[in-house]
Amino acid sequence: MKKIFFLLLAGAMFLCACQKEGPSVPPAPSRLPAEICQAFAENHQGVFQLNEGQMGTNSATLDFLRFASGHYSRDVFRPDGGASLGDVGNDVAIIGDEVWMVINNSGIVQVISKTDCSEIAAIQVPMPRNIAFDDTYAYVTSWNGAYVTSTYIQDTEGNWVPQITDYKNPKGVVYRINLETKQLDAQTVEVGYQPEGIAYDGGKLYVANSGGLQLPPDSNYGKTVSVIETDTFDSVETEVEVGVNPKNVIAGGSNRIFVTSLGDYGANHSSLYYISTLTNRASKQADYVTAVSVCGNTVYGIGAENEFDWEGPKNYFAWKWTMTGRQQRLSSPAISGTALSGLCVLQSGDDLLWMVTDQGDYVNPGSLDFYWKGEKAWSETTGICPGHFAAL
Amino acid sequence: MEAVQAQQVQDTLAPAAVFSVKSRETARAAEDVSLSDLPSAPLQMTEVLQRFTGVQVKDYGGVGGLKTVNVRSLGSEHTGIFLDGIQVDNAQNMQVDLSRFSPEQWERIRLYNGNKSLRLQTAKEYAAGSALYLDSGIPDLPDGSQGTARLSGGWFGTIHPYIRWDKAFGRARRSVAGGPDDAADPISGFRRMRRAPLVLRLSADYTQTNGRYPFSYFDTTLVRENGDLKSLRIEAALYGRVRGGEWNIRLYSYGSERGFPGPVIRRAMGFPFSAERQADRDIFVQGTWTQEWSARYGSALRFKYANNYTHYATHPEKNPMALYYDLHYRQQSAYLSWANSWALLDFWALDFSTDAQYNKLDADVAAFVHPQRVSAIAALATRFHWEKANLAAHLVYQGAWDGYDAKNAGAWTRENTFRQAWMPSLSAFYRPLEWLEMDAFAKLSYRLPTFNDLYYALIGNTNLRPESAMQLGLNLYFQLRTGPWTASLRLSPYFNRVRDKIVAIPTSSQFRWSMLNIGIVEVLGGDVKAAGGYWAGDWRCDLTLRYSYQRALDRTNPDNQTYGNQIPYIPLHSASVDASVVRKGWSLVWNTLFTGTRWSRTANIPEYEIKPWTITDLRLGKEFMLPRWKDGTTQPSLSLGVSFNNIFNRSYQIVQGYPMPGFNMMFSVTFKW
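Predicted model only: the values in this text are computed from it and were never measured.

Caption draft 1: The overall build of chain B, seen in detail. For chain B, the count of helices and strands is 4 helices and 34 strands. Scored against the burial criterion, the 673 residues of chain B give a buried share of 56%. Here the contacts in chain B between residues at least 6 apart in sequence split such that 65% fall between residues at least 24 apart.

Structure, rendered in structure tokens:
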């Protein structure tokens, strides 16, 4: 029974006409409900979903959902020889006819064709995390071997204070890659500790400095977004303060930048910040931000008030935020899951499709749940630790 | 071989027939290998252990790679490793790295599942879920001196010189028949030969290897880098006898420097997999004193002090993909054990052992809490021995008091720091016919959370409970001996359940994990071991066939899609074949090891299936006897050996991402005098 269950959940593998070394048992194709396919097939070819994989096991994979057929195909791209895509896929983005993937623990930015998943280039970048584009370059944030060791010493009043003992290139940098030549540029810009998300808007890059690797009790999480002029690309122009531990940066168009802050797993919960690129000032807009998806003028999100409760189930809820109003909790769809990680919302007329990734127990395959018109309509098994979307 | 050993232990009924209860074991070891009988010693401990039934060795590759042992899917933390009866442990993560021990240091290796119940054993031996005994043997030297020197080496730049020298002081008395000197050693089971009152043993070995073995990665062949090792071990031990007792003390030091090659993952061309290095310096001193105070009462006192230092660094200057770590750890432990045994009646004995241990871990990791632990174990055992049956019942109590330095205070704090467990067990043995034995046992044991589980800065959880293991097992032994032929068969079905399994769960990112007591694993298994031998004239032929079946299922959460699936890395079927032929100094040994299908994840789907593999090794040796020395007591010998490992050059992995070496050869020259 279990075998049949897994076979049913596995999608068809060869829809992209991609080179692939398939699993030993050919899975039966499964399809998204026809209603959803029809709603989106005209305006959207499909959605790429990148699975991080478990660190150290070479298990990052790229999945693709094609609306025309309703098939969700797992593991659609492998480099020459059927080798693995790499270890820890952290970001995926589309520019022109190309799909760019950042494979964090392999040190590779992988470029493939959007239409047939054929390999275009693999660029070597140390510890790359996230990617953004302008017309000429792709910009990649890198942790650059950042970790700080510290010890505690007593100051004159007898208080224990952290003292940095040693570090090696502690701050992160932003690299850039020429879009045409696919060459990594020698020029870099130093930003803060452990830079994560990056977005481009109107000649500027916005980089989130998460600082996540410095240890408690101070946590030493970062809380700024660095702003860099792409024309000069030599140093940070200004720092914008946001919530603690900022992670994702999304350009919402029309001079809008959204930043998600994950919080410090203690007193400070996750939040969403809005930065106007005209003023470079940030303001908090929403609470409990596990994942967001920007859809036109609206930001859709999922969150849980007990997000830091590791032992019990999390009580997720959906919410939305518009430019005019505050954060509004939505009773529909009723989102549920074990360890939700990513969100992609697509709109067709008045109806919304919520695609939510669930990482499950983090070491076994996760799932991609589809909520259509408020109901959980479908679910697909993904790779390990899904969470990164790029919609065509 | 095994049948003979067992008889040696049981034959010592003669001296004190009334108190036969003193020297009989309740249940025999599942595996009992006498390494000195092997014509040529393998280079690595794993080569011996991985063929045992029910044992899973996790080997990260190469001579220097981490090697841990997991018995009957309980988890490696439940297996106690005992060096001459005293446990070697590691409170930091409870993983004893077997790559630090080489087989030639030991005379005998035994594996016990569940119950070992011998008089005067330490309380820890009662508490361990399974126990692996490495016994170096007591040098049976009546006088003079003896020694062994060996030089081994081979592929991947491996060099391994080894030397051991025993010197006797004083002359052995003719032992009084029936006296305590004639009995088998109650701890190791070795026959106490006519031994000099004081024997000194010195041994040392050095290992060096470059670890650069080729392996295949999809379509290409790469070479394993940063897997080199240099290690040195020096030991000194004294074995002495007093009237009615004996004692020994041993000083052991080990130092090594090695690289960790890291998992094989896709890496951009210019970046290595890993530049991590680790240096270790371990020293311990341990001693035992056993004394028979009267015909009925005996005791054993043991102590150990160990000091282990580790330096681990990632060297990001050599690897731009490495997070920067440069950490120094020091673990110290002090241990004392007092075991008592009373032969109350001729068939009934009472044993009481109590152990106390202190562990401390220091490190220069930021925000480190410097954990300390005082643990006490008390074991009460009662044994009944009749002519054809034994019965034993144990009750063990373990208490552990932890302390740690909170950041703002220099003193211990006492929250969530006390853990205790009661561990009962029962075993019965029956020998209805001369060629048939059966025994059964039931045991509940616990293992404490490690210091890493509790206090590691980014992932620790001070609310963890001990992990429990319930074991039920049955063993059937058949043995036959006619003339030169011997045959034996062991059948061992078993059922284990591990609860509150401590599992690491990543939280919001793969860099932040948390430890939780959430796992439940149920294991249903069976071991089969069939052995046969033909010893006649010049010939010694032995054949051993082993087969293990293990269904180890995740039973944590019925709503989870992985419920009822096989847990990672445990094969459903595994088997091994060992054959050896020895004649006139020539020896030929053939080993084949088969590991069946496994999964790298609890999701047992084809994507995570690890295909079965079979590895075959061949060893050839020749021993030349040399003319005796002038005083003519012992006859020296020179042996030459060559090993062909993985002769079919199979490429395989035990742990996903860590390829093992393909075909390689090792040579050895051994001189004994």
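Don't stop here, the text continues.
Caption draft 2: Quick peek at the confidence of the model for chain B. Residue and element names in this part refer to chain B. Per-residue confidence for chain B averages 85 on the pLDDT scale, and 88% of its residues sit at or above 70. Here residues 176-182 scores under 50 on pLDDT; set against residues more than four positions off or in separate chains, the count is 10 contacts. Here residues 408-414 scores under 50 on pLDDT; set against residues more than four positions off or in separate chains, the count is 14 contacts. Prediction confidence for the complex, expressed as pTM and ipTM, is 0.84 and 0.82 respectively.

Caption draft 3: Up close: the environment of B:L480. All names here are of chain B. Considering the arrangement of structural elements, one finds L480 in strand β24 (residues 467-482). Note: C-alpha distance between L480 and F271 (209 residues apart in sequence) is 60 Å. Each residue touching L480, except ones within four places of it in the same chain, is listed here: W435, W485, T486 and A487.

Caption draft 4: Representation of the pairing of strand β33 (residues 637-645) of chain B in the model. Residue and element names in this part refer to chain B. Pairing geometry for strand β32 (residues 613-625) and β33, over 8 bridges, is antiparallel. Looking across to β33, one finds that L618 is bridged to F644. Sheet topology note: the β33/strand β34 (residues 664-672) ladder contains 9 bridges and is antiparallel. By the bridge assignment, S637 is partnered in β34 with K672.

Caption draft 5: How the structure looks around the sheet that holds strand β1 (residues 31-34) of chain B. All names here are of chain B. The sheet built from 5 strands is open, its strands ordered β1-β6-β7-β4-β5 with mixed pairing. The sheet terminates laterally at β1 and β5 (86-88), the two strands that pair on one side only. Averaged over all pairs of adjacent strands, the angle between strand axes in this sheet comes to 25°, irrespective of strand direction. Summarising the sheet, strand β4 (residues 79-83) and strand β7 (residues 130-135) pair through 5 bridges and their orientation is parallel. What sits directly across from G80, in β7, is A131.

Caption draft 6: Quick peek at the state of the cysteines. Per the counting criterion, the structure on display carries 0 disulfides over all chains. Lacking any disulfide linkage, A:C295 is separated from the closest cysteine sulfur, that of A:C344, by 8.0 Å.

Caption draft 7: Examining the pattern of salt bridges more closely. The final tally for this structure, using the stated rule, is 53 salt bridges over all chains. For A:D75, the salt bridge is made with A:R78, and the minimal N-O distance between the two is 3.0 Å. Across the pair A:E196 and A:K247 runs a salt bridge, and its minimum N-O distance is 3.6 Å. Of the two residues, A:E196 is situated in strand β14 (residues 195-201) and A:K247 in strand β18 (residues 246-253); the sequence distance between them amounts to 51 residues. A relative accessible area of 5% places A:E196 in the buried class. A single network of salt bridges, built from pairs that share partners, joins B:E31, B:R51, B:R490, B:K529, B:R546 and B:D578.

Caption draft 8: Up close: the confidence of the model for chain A. All names here are of chain A. Confidence in the prediction for chain A averages 85 pLDDT; 83% of positions are at 70 or higher. Here helix α1 (residues 2-9) stands out as the least confident element of chain A, with mean pLDDT 40; strand β5 (residues 98-103) is the most confident, with 97. The low-confidence segment residues 1-26 (pLDDT under 50) makes 60 contacts with residues lying over four places distant or belonging to another chain. In this model residues 146-152 is a low-confidence stretch, pLDDT under 50, and it forms 39 contacts with partners more than four residues away in sequence or in other chains.

Caption draft 9: Expanded view of the nonpolar core. Residue and element names in this part refer to chain B. By size, the foremost hydrophobic cluster in this structure holds 25 residues, and its most contacted members are F52, F101, I109, L132 and L134. Secondary-structure elements contributing two or more residues to this core are α2 (45-49), β2 (55-59), β3 (67-71), β4, β6 (108-113), β7 and β14 (245-260). Take this core: its biggest share by element is 3 residues, from α2. The contact partners of F101, leaving out residues within four places of it in the chain, are M45, L83, V88, V96, W106, L134 and Y252.

Caption draft 10: Focus on helix α2 (residues 34-41) of chain A. Residue and element names in this part refer to chain A. Those residues of α2 that sit buried are I36, C37 and F40. Projection of α2 onto a plane perpendicular to its axis shows the buried side chains occupying an angular sector of 100°, all on one side. In this structure, the buried side of α2 is in contact with β26 (340-348), β27 (351-358), β28 (365-372) and β29 (375-384).

Caption draft 11: Spotlight on a nonpolar patch on the surface. Residues and elements named next belong to chain B. A surface patch of nonpolar side chains, amounting to about 420 Å² of accessible area, comprises L151, I159, F624, L640 and V669. Examined against the element boundaries, F624 turns out to sit in strand β32. Relative accessible area serves as the criterion here: at 36%, F624 is assigned to the partly exposed category.

Caption draft 12: The environment of B:G483, seen in detail. Turning to its location among the elements, B:G483 is positioned in the loop between β24 and β25 (485-506). For the pair B:G483 and B:G473, spaced 10 residues apart in sequence, the C-alpha separation works out to 33 Å.

Caption draft 13: Structural view of the pairing of β14(B). Residue and element names in this part refer to chain B. Examined bridge by bridge, strand β13 (residues 229-242) and β14 share 14 bridges and lie antiparallel to one another. Within β14, the position partnered with Y239 by the bridge is N248. Connecting the antiparallel pair β13 and β14 is a turn made up of 2 residues, with G244 showing a positive phi of about 75°. As paired strands, β14 and strand β15 (residues 276-292) are joined by 16 bridges and run antiparallel to one another. Of the residues in β15, the one forming a bridge with F260 is E276.

Caption draft 14: A look at the sheet that holds strand β6 (residues 108-113) of chain A. Residues and elements named next belong to chain A. With respect to topology, 4 strands assemble into an open sheet ordered β4-β5-β6-β7, the strand pairing being antiparallel. Every interior strand has two partners, whereas the edge strands, β4 (89-95) and β7 (119-124), have only one. Across the sheet, the axes of successive neighbouring strands diverge by a mean angle of 15°, strand direction being ignored. Sheet analysis places β5 next to β6, joined by 6 bridges and oriented antiparallel. The residue bridging I103 from the neighbouring strand is I108, located in β6.

Caption draft 15: Inspection of the packing of aromatic side chains at higher detail. Residue and element names in this part refer to chain A. Going through the model one piece at a time under the given rule, you end up with 32 aromatic pairs over all chains. Aromatic side chains F258 and Y274 sit 5.8 Å apart centroid to centroid with 50° between the ring planes, which places their arrangement in the tilted category. Residue F258 is located in strand β19 (residues 256-261), and its partner Y274 is located in strand β20 (residues 271-276); the two are separated by 16 residues in the primary sequence. A relative accessible area of 2% places F258 in the buried class.

Caption draft 16: Spotlight on the side chain of A:T141. Residues and elements named next belong to chain A. With respect to the helices and strands, T141 occurs in strand β9 (residues 137-142). Here T141 falls in the buried class, since its relative accessible area comes to 0%. There is a polar contact of 2.7 Å between the side chain of T141 and the backbone oxygen of E196. Contacts of T141, omitting those with residues within four sequence positions, involve M127, P128, R129, N130, V173, V174, P195, E196, G197, I198 and V207.

Conventions used here
Each residue is numbered by its place in its chain's sequence as written, counting from 1. Chains carry letters from A onward and ligands carry numbers from 1 onward, assigned in written order. Selection of residues for local features in this predicted model requires a pLDDT of at least 70, selection of side-chain atom pairs for listing and counting requires 80 or more, and totals for whole chains, interfaces and linings are taken over all residues. Side-chain figures throughout are based on the complete set of non-hydrogen atoms in the structure, without hydrogens or water. Helix numbers and strand numbers start at the N terminus; a helix is a DSSP run of H or I with at least 4 residues, a strand a run of E with at least 2. A 1.4 Å probe rolled over the protein chains alone gives each residue an accessible area, and that area as a share of the maximum for its type sets the label: buried under 20%, exposed over 50%, partly exposed in between. Residue contacts follow a heavy-atom distance rule, with two residues in contact if any of their heavy atoms lie within 4.5 Å. Summary of the metric used: pLDDT quantifies the predictor's per-residue confidence within the range 0 to 100. Only when DSSP finds a minimum of two bridges between them are two strands counted as paired. A fitted line through C-alpha atoms serves as each axis, taken over the contacting stretch for helices, and the angle formed by two N-to-C directions is quoted from 0 to 180°. The disulfide criterion used throughout: a pair of cysteine sulfur atoms within 2.5 Å. Here a salt bridge means any side-chain nitrogen of Lys or Arg lying within 4 Å of a carboxyl oxygen belonging to Asp or Glu. Nonpolar cores were defined as sets of buried Ala, Val, Leu, Ile, Met, Phe, Trp, Tyr and Cys residues, with membership established by side-chain atoms within 4.5 Å. Picture the helix axis, draw a direction to every C-beta atom, and the arc is the one those directions span. The patches described consist of residues with a relative accessible area above 30% and no salt bridge, like charges being joined within 9 Å and nonpolar side chains (Val, Leu, Ile, Met, Phe, Trp, Tyr) within 5 Å. Reported accessibility uses the Shrake-Rupley method at a 1.4 Å probe radius. Residues are deemed covered only where the shown protein chains occlude them. In summary, the pairing rule links any two rings of Phe, Tyr or Trp, Trp by its six-membered ring, whose centres are within 6.5 Å, and it sorts them by plane angle into stacked for under 30 degrees, edge-to-face for over 60 and tilted for everything else. Two N or O atoms count as a polar contact when they lie within 3.5 Å, although within protein this holds only if one can serve as hydrogen donor and the other as acceptor, and sequence-adjacent residues are included solely when both atoms are side-chain atoms.

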